[in-house]
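Residues per chain are reported as follows:
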Amino acid sequence: IKKPVFVPRHLRGIQKAAEKQEEQEEQLAKTKTEKLEKRKQESRALVQEVVSTVSKRNALDVDDDGTMNAIPDDDDTDDRDAWEVRELLRLLEDWEVEQQR
């Protein structure tokens, strides 16, 4: 427990002003902290909105201009088989040319 301290009359106004200044600084710090928290929440909400929009767009497979993309066909085995046949025929022809020399 603190004892009361005598403050001369000419210093009493200075202490009140200092206390008032401290209160203002505390209030300013509190306001600043609240603004930062509000801004964080707004940022998180914006990010969440963007992520949900992108995920919905990807789910629908829509381009940026709003047109539907063709669903990619992973059945490239026919193309690969045709390519292998062409390459084998080319190699066979090259080999026959070499054999005739």
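Anything mentioned here points back to the structure above.
My aim in this report is to walk through the structure given alongside it, one point at a time.

Cut-off values and rules
- Residues numbered from 1 in each chain as written.
- Predicted model: local features only at pLDDT ≥ 70, side-chain atom pairs only at ≥ 80, totals over all residues.
- Heavy atoms only, no water.
- Helix = DSSP H or I, 4+ residues; strand = E, 2+ residues; numbered from the N terminus.
- Buried < 20%, exposed > 50% of the residue type's maximum accessible area, 1.4 Å probe, protein only.
- Areas by Shrake-Rupley, 256 points an atom, 1.4 Å probe, with all protein chains shown as cover.
- Salt bridge = Lys/Arg side-chain N within 4 Å of Asp/Glu carboxyl O.
- Patch = residues over 30% accessible without salt bridge, like charges linked within 9 Å, V, L, I, M, F, W, Y side chains within 5 Å.
- Lys, Arg positive; Asp, Glu negative; His and termini not counted.
- Charge placed at Lys NZ, Arg CZ, Asp CG, Glu CD.

## Some thoughts on the overall build of the protein chain
Alright, step 1. Within the protein chain, the regular secondary structure consists of two helices and zero strands.
Alright, step 2. For the protein chain, buried positions account for 2% of its 101 residues.
Alright, step 3. Split by element, the accessible area of the protein chain, about 10300 Å² in all, is 55% carbon and sulfur.

## Examining the pattern of salt bridges
Alright, step 1. The final tally for this structure, using the stated rule, is four salt bridges.
Alright, step 2. Linking Glu-87 and Arg-90 is a salt bridge whose minimum nitrogen-to-oxygen distance equals 2.9 Å. Separated by three residues within a single helix, Glu-87 and Arg-90 lie in helix 2 (residues 77-100), roughly one turn from each other.
Alright, step 3. A salt bridge links Arg-90 to Asp-94, with the shortest nitrogen-to-oxygen separation between them at 3.2 Å. Separated by four residues within a single helix, Arg-90 and Asp-94 lie in helix 2, roughly one turn from each other.

## Digging into a nonpolar patch on the surface
Alright, step 1. Among the surface-exposed residues, Val-85, Leu-89, Leu-92 and Trp-95 lie close enough to one another that they form a single nonpolar patch of about 410 Å² accessible area.
Alright, step 2. Among the secondary structure elements, Trp-95 is positioned in helix 2.

## Focus on a negative patch on the surface
Alright, step 1. Together, Glu-19, Glu-22, Glu-23, Glu-25 and Glu-26 make up a region of like negative charge exposed at the surface.
Alright, step 2. Relative to the helices and strands, Glu-26 resides in helix 1 (residues 9-60).

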